[in-house]
There are 4 protein chains.
Amino acid sequence: MYQTGEKIKVTVFGQSHSEAIGAVIEGLPAGIKLDMERIYAFMRRRAPGRDKFSTPRKEADLPEIISGLADGKTCGAPITAVIKNGDTKSKDYENLRLVPRPGHSDFTAFVKYGGCNDIRGGGQFSGRMTAPLCFAGAICMQLLEEKGIYIGAHIESVHGIHDERFNPINVTKDELDAIKAKDFCVISDKQGEAMKAEIDRVRGNLDSVGGTIECAVIGMPTGVGGPLFGGIEGRISSAIFAIPAVKGIEFGSGFSASEMYGSENNDSFYFDEDCVKTKTNNHGGILGGISSGMPILFRTAIKPTPSIAREQDSVNLKTKTSEKLVISGRHDPCIVQRAVPVIEAAAAITILDMLGE
Amino acid sequence: MYQTGEKIKVTVFGQSHSEAIGAVIEGLPAGIKLDMERIYAFMRRRAPGRDKFSTPRKEADLPEIISGLADGKTCGAPITAVIKNGDTKSKDYENLRLVPRPGHSDFTAFVKYGGCNDIRGGGQFSGRMTAPLCFAGAICMQLLEEKGIYIGAHIESVHGIHDERFNPINVTKDELDAIKAKDFCVISDKQGEAMKAEIDRVRGNLDSVGGTIECAVIGMPTGVGGPLFGGIEGRISSAIFAIPAVKGIEFGSGFSASEMYGSENNDSFYFDEDCVKTKTNNHGGILGGISSGMPILFRTAIKPTPSIAREQDSVNLKTKTSEKLVISGRHDPCIVQRAVPVIEAAAAITILDMLGE
Amino acid sequence: MYQTGEKIKVTVFGQSHSEAIGAVIEGLPAGIKLDMERIYAFMRRRAPGRDKFSTPRKEADLPEIISGLADGKTCGAPITAVIKNGDTKSKDYENLRLVPRPGHSDFTAFVKYGGCNDIRGGGQFSGRMTAPLCFAGAICMQLLEEKGIYIGAHIESVHGIHDERFNPINVTKDELDAIKAKDFCVISDKQGEAMKAEIDRVRGNLDSVGGTIECAVIGMPTGVGGPLFGGIEGRISSAIFAIPAVKGIEFGSGFSASEMYGSENNDSFYFDEDCVKTKTNNHGGILGGISSGMPILFRTAIKPTPSIAREQDSVNLKTKTSEKLVISGRHDPCIVQRAVPVIEAAAAITILDMLGE
Amino acid sequence: MYQTGEKIKVTVFGQSHSEAIGAVIEGLPAGIKLDMERIYAFMRRRAPGRDKFSTPRKEADLPEIISGLADGKTCGAPITAVIKNGDTKSKDYENLRLVPRPGHSDFTAFVKYGGCNDIRGGGQFSGRMTAPLCFAGAICMQLLEEKGIYIGAHIESVHGIHDERFNPINVTKDELDAIKAKDFCVISDKQGEAMKAEIDRVRGNLDSVGGTIECAVIGMPTGVGGPLFGGIEGRISSAIFAIPAVKGIEFGSGFSASEMYGSENNDSFYFDEDCVKTKTNNHGGILGGISSGMPILFRTAIKPTPSIAREQDSVNLKTKTSEKLVISGRHDPCIVQRAVPVIEAAAAITILDMLGE
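Residues numbered from 1 in each chain as written. Chains lettered and ligands numbered in written order. Predicted model: local features only at pLDDT ≥ 70, side-chain atom pairs only at ≥ 80, totals over all residues. Heavy atoms only, no water.

A. Quick peek at the environment of Y261 of chain D. Mapped onto the elements of the fold, Y261 of chain D is located in the loop between strand 11 (246–251) and helix 7 (262–265). It is 50 Å that separates the C-alpha atoms of Y261 of chain D and V82 of chain D, two residues lying 179 residues apart in sequence. Here Y261 of chain D is in contact with H159, E198, R201, V202, D207, S208, V209 and P304 of chain C, once residues within four sequence places are set aside. A polar side-chain atom of Y261 of chain D sits 2.7 Å from a polar atom in the side chain of R201 of chain C. (Helix = DSSP H or I, 4+ residues; strand = E, 2+ residues; numbered from the N terminus. Contact = heavy atoms within 4.5 Å. Polar contact = N/O pair within 3.5 Å; in protein donor to acceptor, adjacent residues only side chain to side chain.)

B. Seen up close, the relation of the copies chain C and chain B. If you rotate chain C by 180° and push it 0.0 Å along the axis, it lands on chain B with an RMSD of 0.0 Å. Each copy turns onto its partner about a two-fold axis. The share of interface residues of chain C whose copies in chain B are also at the interface is 100%, consistent with both copies meeting through the same surface. (Least-squares fit on C-alpha atoms with pLDDT ≥ 70 in both.)

C. Spotlight on the interface of chain C and chain B. At the interface, 38 residues of chain C touch 38 residues of chain B. Summed over the shared surface of chain C and chain B, the number is two salt bridges. A salt bridge links R97 of chain B to D71 of chain C, with the nearest nitrogen and oxygen atoms 3.9 Å apart. Joining chain C to chain B, the criterion identifies 16 residue pairs in polar contact (both at pLDDT 80 or more). At the level of secondary structure, the elements contributing two or more residues to the side of chain C that touches chain B comprise strand 2 (9–14), strand 3 (20–26), strand 4 (64–67), strand 5 (69–70) and strand 7 (79–84) of chain C. Among the elements that make up the side of chain C that touches chain B, the one with the highest residue count is strand 2 of chain C (five residues). Here the residues of the side of chain C that touches chain B are counted per class, giving 17 nonpolar, 13 polar and eight charged. (Salt bridge = Lys/Arg side-chain N within 4 Å of Asp/Glu carboxyl O. Nonpolar A, V, L, I, M, F, W, Y, C, P; charged D, E, K, R; others polar.)

D. Representation of the packing of aromatic side chains in the model. Counted according to the given criterion, the structure contains 18 aromatic pairs over all chains. Taken together, the ring pairs in this structure connect F241 of chain A together with F251 and F298 of chain B into an aromatic cluster. (Phe/Tyr/Trp six-rings, centres within 6.5 Å; stacked < 30°, edge-to-face > 60°.)

E. Structural detail: the relation of the copies chain B and chain A. Between the two copies, chain B and chain A, the superposition gives an RMSD of 0.0 Å; the rotation angle is 180° and the shift along the axis is 0.0 Å. Here 100% of the contact residues of chain B are again contact residues in chain A; the copies associate through an equivalent surface.

F. Broad picture of the interface of chain B and chain A. On the chain A side, the residues contacting the 104 residues of chain B number 106 residues. Of the roughly 7,800 Å² buried between chain B and chain A, counting both surfaces, carbon and sulfur atoms make up 66%. The largest per-residue losses of area from chain B upon contact with chain A belong to M1, L228 and F229 of chain B, which jointly make up 12% of the total buried on that side. Between the two partners, chain B and chain A, sit four salt bridges. In this structure, D313 of chain B engages K279 of chain A in a salt bridge whose closest nitrogen and oxygen atoms are separated by 3.3 Å. Between the two partners, chain B and chain A, sit 33 residue pairs in polar contact (both at pLDDT 80 or more). Looking at which element gives the most residues to the side of chain B that touches chain A, the answer is helix 6 (residues 232–240) of chain B, with six residues. Across three bridges, strand 11 (residues 246–251) of chain A lies against strand 11 (residues 246–251) of chain B in antiparallel orientation. Across the sheet, the residue bridging to E250 of chain A is G248 of chain B, located in strand 11 of chain B. (Buried area = accessible area lost by both parts, 1.4 Å probe. Pairing = 2+ DSSP bridges.)

Right, dumping it as structure tokens:
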């Protein structure tokens, strides 16, 4: 499935080294002027080469909108964006078809598609597929902001080095904006420096590391979502796990709730003027699958980049023998920093889709 | 959304104190003889009253099948099961409409439905809604077993007291069967006893605890799933978060992957006879959203039961003042043990739905 | 597929002789008081035995609502209605499994379900499955009426004997109400009498006849629907063809448009006070898949009841030889009159689903 | 809704004068070599300028495939085709925003999109949107042919001048191929000449005409489809009404069934060797929504092109007064001949989607 959404339907297409990748977005209201500068700015946060840790492949990654606009505004037809795949070196990949990379989709895609999968650059499994997701997310975020809903994330940890967390009962737009303005999206720059040093160190070791990302949705109206398969958690998860390398997700107190007493984990209600709030936010802004009006908070686990320069143990699918594998090319020692806007985009697409249900 | 599935479509209906709850299951093959004894046995694992920790409300919870069968076999029409709601004391609940229980959906449902939500027993947000899910899951599990696919879960922890984990590279049907046969589904009975003691203790304190559940899917054919929104993780998550009280989910090494090196987290391939396997299973049986043939492993976090006997701080939605709340009735001090078959059911529904895509 | 709808999702279940048939309706707003008397009245229009032409099987056909209500009002959970299948004589049908009735689904269902289909009373292919559709339609119609949208149909012809047509540019609620109040839903009672005489005559000949039904949707707001797969015509058709025996559908001038000039078929616009109207209504209230504000008009063709008392040529699927078939039991010589409310119901479900998209 | 399909999902995007139009096709098997020459040949049948009756706008209309292929074969990722919109004269259209063309979507789109719809060339309502549909259909047809399923249509009438009909019990691939090879797709060339003369005449009168198209699906396996919303008729209709200008559809004996006796309309079964067939084919190859193995036959009504050169009565939406409208530019006096492959494409997409359900 390359599509998500009930009302805002986002279809993602392309492979890492096909002619282009892109997205079709259906269900946006007509008459919206897209702020292309902000869309590009958002997408640049995901693009490689922004910091010294990212792969040097130069991706212009600037989407061209080929449908859905008239006089510069949405016209009710689906928005289609195409991002050309320019700087591709496809010959680096052919041997991976038979000698699959550990931690990658090479082996499972080989079986699923009978060996006909596009092995170049990871094909449709590539992290590059998150670029159209960011395009769609940037548009959704613009629409959400017009409703007073803001979404922002930060690197909560890299290889066990932790950033501060959001204050669960009070996250502000200014705070989110300040983090987004940074090259390396953390709350504590000091911890950010430690993370960067760790990434540098690991890369020198021909290895890689993962981390966690915390995301907040603020300004969310109360009463969005529903029980069972209509809950916000399930809807967000479904979009978040579409992002390669995500291994887990938790909302509010999450896994730590499993070690708490009910009397601790329950969040007491109180009135803040006319508004019902909770004194703590272990529920992560969601009760019964429905938004409570408190910040929606979730954490996502990102695994270490599976492409590492070290020699690894693999097999040759043709000869059915063991084979040592050395992955050529240069690869990110850590993708957590690049995943931050992608997480935001996935959340934005889901939240906009759910409003008004 | 009360429905899940692309090919096997499960629609859940009912509220805790409506006439009945139930499920409609579309997409099952014709000609299947349902093993009702096993379905009942499966559902009894979820039913309360099986151990001394569960609520004393006697739920027969035995589904009556009112459509979909001819001559005792599936006939291609949807299977509909109805479970009567017998022993209900609805008057216990009316005050909760205005004084919402912390940690419950009372407040958010009030807002979403303009105060018209069914407050009795939690309405459609009740844990009781998982009974029809178990019914559907039991059927799906029967069909999966005919294909050699087995699903089983165990209580991985209660309030920080941990069971052993599955051996990630080798989980057997016998092992899963042995756990299912237990009243308290753990691998280590010793740890199970410690958990039970803890639940007993906490209940004496008028409090509650949560825990974690580990689930395994074995015998899974390689090549099921897909990238992006078609990945197994997203599909399973979407069903798991339909279960009340779930706060997080992780696959394979999950959150701990965020603290590992790529060289540690990557699972090396090798040939076991003609079959490609991995030496470790940090990937949890899923690569690129597609099954690798290794056991699919995931862990779920369950929060402490929000209904506790202690006095709690809430508000009166009408008077807009603070109000102390004491929840009457008796409630489970821990629901982790009852959630085990529900997790299995949600996994079974999803996996059967995904086969052959 | 037993389900239709994007926002208002109607799932139909059951077989003619299963324990029960019914429907689950998701997506209705909370707080609606269902007018059960009107729902029953609507369903009685479809029920057999209302006139002397219908089958004598007594169907109480009164739905029991087992979920979705609290305090007599919708509570946001799906409405589930169950209609018991009481008076069934299943033994009449067994021979049809091997000797399929011409014009029925017996043969195709045999192939599709490998002989495991429910042959009793036509199983899930029975006209009886339209009873839950009427239940759902009656609810949708109530909600539509609160928005000023009315739907009504009449028998436009039986075996070539034609009723008058609606005035395409002006159909009134009173007119629709007057037709609904009749036992035999026609505009011209004289033509209705001729139709009834024809049905009587044909029944004496152990034969059957079909006809056409014209349906109008009035009070429709302008601007509902969309191009391509979102057009009103495609959405309505999809629901209408769910009704057994429907062979064709046309909107506005329909097939006769194929014999007109563009200058004839185009409907000129004019202002009626502040409201844009068309002088004629060949477009049937839909332009570009979107409602124009003029009455939506469509005609549906209903085939003659395939169950006739005459001996017919069939085959024995087991012996692979020709076999004469005489269908036992009594069957409607014409079902057009009973299909009228079913057409209305299918339209109501679709239109309510499309509002606000 | 710009998407159709359950397993083969086709998303259409673009407007007549946007940068490009196109389609994303998900769900095709991997490893298929697309026969681009045949795809282009199929699309040329729809393209204007093939005969002297079509609009002179030169549409290269050749799709560029920008994703979904690797080594020239499908790789499991969605196929995306982009068709550039080259020769567009957008200034011809601006006045239509306020003075809507009778019979067009100008007025309804204005209301739906608050005046922000793309008025140029009809925007997303343009007949040009059927080009990507043809692209998708051509691919689906290639896959169907590998399964021995063939689809072909012909102009059954233009302005009341009728072609012969298919022999309902025996349509051959050779016959379909012979029709497709013609510039003007009819069975009887003599009748085709009469139709062309009529179109010529009408165009001289600054008017337009419509017609009907008959389509056959042969080689269809028995047992595909289902009751209720899963019937072939409903699924095909839903796709056919996505085509602009379609006003009606009927299957098999269709509307004429409403004038037949049951004893006439019922098709007797017989064994042709081991194969069950019917002596007549009033059921149009579909019983109970399921394919019977006989040719699937349906007829579609196409209205006269609404764009005519004559002066017409319209309104000015701004000044709220009557206004005479003369549509500039040149327009097809008949689009029936161009709609033939579009009908085939819509059928192919639907049938491929339904196989194996």
